[in-house]
Amino acid sequence: MAEAPENVEAAFELAFSYSADGIELDVQITADGVAVVFHDDTLRRITGRRGAVADSKIADLLKLDFGRWYSEDFRGQGLMTLESVLKRYAGRGILMIELKSASGSQDPYKYKRRLCSEVTRQIRLHASRQMHDEIYILGFDAGMIAECRVLAPELNYILNTKKPPSSRGLKTAQSKNLRGYCLPRRKLTGEFTGLCRRMGLVVAVYSCNTPGQVFSALDKGADIIMTDDPGLVAKAFEQHVLSCQKRRFTEK
């Protein structure tokens, strides 16, 4: 988002050009059942149109411009479907697929079930089993994560949370076969990541957009750092690694 409109091909290509390990994308489902990559509850901010993705048909959405709002340089960027993302990027790096809760006029319960079913179906269709280790499904809705786990237990699941869960909550995560948690950078602590590591759980953190935030997350033991500015973060990460190597060499 620092250099390109979010959730479109231009942004994903730019991220990989900076040697990012992967990309995070938001997924919703259209009125006619197509899983598409889009974040907001409504289309207004990105396209200037009224309504929600959930109330729109894919044919109509594909006619809209999803890049011009950011700048004229990105005019013509179209909506990506989950299928197109999987075909282009599965196997190229980590894919963190965030499930967005119901928006628009669809029945929330039906919407969630349709989205979970379509996301897991698309992954199985367009990503081989060898690629599944690098595909994560995440979201704030524990019910949706549980629904996907029933449909595709072989995939990795991360629960988004606004604060670290208790040790009791971590044990529940183990019993539900969660791969780990994703939380805001301000809530990350070394104590929490240490506990997760001992329990075999992954810790992801969002959004680290300055070198200081990156260094802090690394020092606290985060496994996955999510950012809006991969160019800046990649450079900061390289500096951090070189600094650690130099320190170890000096200590010897």
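Parameters at a glance
Numbering of residues begins from 1 in every chain and follows the order in which that chain's sequence is written. Residues qualify for local features only when their pLDDT is at least 70, as the model is predicted, and side-chain atom pairs are given and counted only at 80 or more; totals for whole chains, interfaces and linings, by contrast, use all residues. Side-chain descriptors were evaluated using all non-hydrogen atoms of the structure, hydrogens and water having been removed beforehand. Segments assigned H or I by DSSP are reported as helices when at least four residues long, segments assigned E as strands when at least two residues long, and all are numbered from the N terminus. To get the radius of gyration, use the C-alpha atoms; to get the globule rule, take the number of residues to the power 0.38 and multiply by 2.2 Å. Only protein chains enter the calculation, and the probe is 1.4 Å; a residue is then buried if its accessible area is under 20% of its type maximum, exposed if over 50%, and partly exposed in between. Pairs of residues are marked as contacts when any of their non-hydrogen atoms sit within 4.5 Å. By convention, a crossover is right-handed whenever its connection, traced from the first strand over the helix to the second and viewed with the strands pointing away, goes clockwise. At least two bridges found by DSSP between two strands are what make those strands a pair. Here the axes come from fitting lines to C-alpha atoms, over the contacting stretch only for helices, and the angles between their N-to-C directions go from 0 to 180 degrees. Each aromatic pair joins two rings of Phe, Tyr and Trp (for Trp, the six-membered one) with centres within 6.5 Å, and gets the label stacked for planes under 30 degrees apart, edge-to-face for over 60, and tilted for any other angle. To sit over a ring, a charge needs its Lys NZ or Arg CZ within 6 Å of the ring centre and within 35 degrees of the ring normal.

**Q** For this particular structure, what's the right way to read the overall build of the protein?
**A** What the protein contains, in helices and strands, is 10 helices and 8 strands. Rg of the C-alpha trace for the protein: 19 Å, near the compact-globule value of 18 Å for 252 residues, within the 12% margin. Each of the three principal axes of the protein carries a C-alpha extent, and together these read 65 × 45 × 35 Å. Looking at the protein as a whole, 46% of its 252 residues qualify as buried. For the protein, the proportion of contacts with a sequence separation of at least 24, taken over those separated by at least 6, is 51%.

**Q** Mind showing me how you'd approach unusual backbone geometry here?
**A** Here the amide bond leading from tyrosine 206 into serine 207 is cis, since omega sits at -25°, within 30 degrees of zero. Mapped onto the elements, serine 207 comes out in the loop between strand E7 (202–206) and helix H9 (211–219). Of note in the backbone geometry, asparagine 7 takes a positive phi value of approximately 65° without being a glycine. Inspection of the secondary structure assignment puts asparagine 7 in the segment before helix H1 (9–17). Phi is positive for serine 19, which is not a glycine, with a value near 65°. Here serine 19 lies in the loop between H1 and strand E1 (22–29).

**Q** So what exactly am I meant to see when it comes to the environment of valine 214 here?
**A** If you trace the backbone, valine 214 turns up in helix H9. Remark: the alpha-carbon pair of valine 214 and arginine 185, spanning 29 residues in sequence, is separated by 9.2 Å. Not counting the four nearest positions on each side in its chain, valine 214 is found in contact with Cys208, Ile225, Val233 and Ala236.

**Q** Looking at this model, I keep getting lost on the pairing of strand E5 (residues 156–160). Mind explaining?
**A** Counting buried positions along E5 gives 5 out of 5 residues, so the element sits mostly inside the fold. Burial of E5 is two-sided: the residues Asn156, Ile158 and Asn160 facing one way and the residues Tyr157 and Leu159 facing the other way are all buried. Assessed by its sense of winding, the connection that carries the chain from strand E4 (residues 135–139) through helix H6 (residues 142–151) to E5 is right-handed. Across 3 bridges, the pairing between E5 and strand E6 (residues 180–184) is parallel. Counterpart to asparagine 160 in the pairing with E6 is cysteine 182.

**Q** Honestly, the sheet that holds E6 in this entry has me stumped. Any pointers?
**A** Each strand in a sheet pairs with its neighbour through backbone hydrogen bonds, running either in the same direction (parallel) or in the opposite one (antiparallel). One open sheet holds the 8 strands; their spatial order is E2-E1-E3-E4-E5-E6-E7-E8, and the pairing between them is mixed. Looking at strand neighbours, the two that pair on one side only are strand E2 (35–37) and strand E8 (224–225), the edges of this open sheet. The pairing of E7 with E8 spans 2 bridges and is classified as parallel. Residue pairing across strands places alanine 204 opposite isoleucine 224, the latter belonging to E8. Of the strands in this sheet, E1 and E2 are in contact with H1, which crosses E1 at around 160°. Packed on one face of the sheet, helix H5 (residues 108–126) meets E1, E2, strand E3 (94–99), E4 and E5 and runs near 135° to E1.

**Q** Looking at this model, I keep getting lost on helix H8 (residues 190–198). Mind explaining?
**A** For H8, the complete set of buried residues consists of Phe192, Thr193, Gly194 and Cys196. One or two positions beyond H8, positive phi appears at glycine 200, with a value near 75°.

**Q** Help me out: how do you make sense of the packing of aromatic side chains in this one?
**A** Each aromatic ring pair is characterised by the separation of its centres together with the angle its planes make. Scanning the model with the defined rule gives 6 aromatic pairs in all. With a centroid separation of 5.9 Å and 85° between ring planes, the pair formed by phenylalanine 38 and phenylalanine 66 is classed as edge-to-face. Within this pair, whereas phenylalanine 38 is found in the loop between E2 and helix H2 (44–47), its partner phenylalanine 66 is found in the loop between helix H3 (58–61) and helix H4 (82–89), the two being separated by 28 residues in sequence. Between the aromatic rings of tryptophan 69 and tyrosine 70, the centroid separation amounts to 5.5 Å while the plane-to-plane angle is 85°, which identifies the pairing as edge-to-face. On the accessibility criterion, tryptophan 69 (31% relative accessible area) is partly exposed. Given the relative accessible area of 28%, tyrosine 70 is considered partly exposed. Clustering of aromatic rings is evident, with ring pairs tying together Phe12, Phe16 and Tyr89. Against the face of tryptophan 69 rests arginine 45, its NZ or CZ located 5.2 Å from the ring centre.

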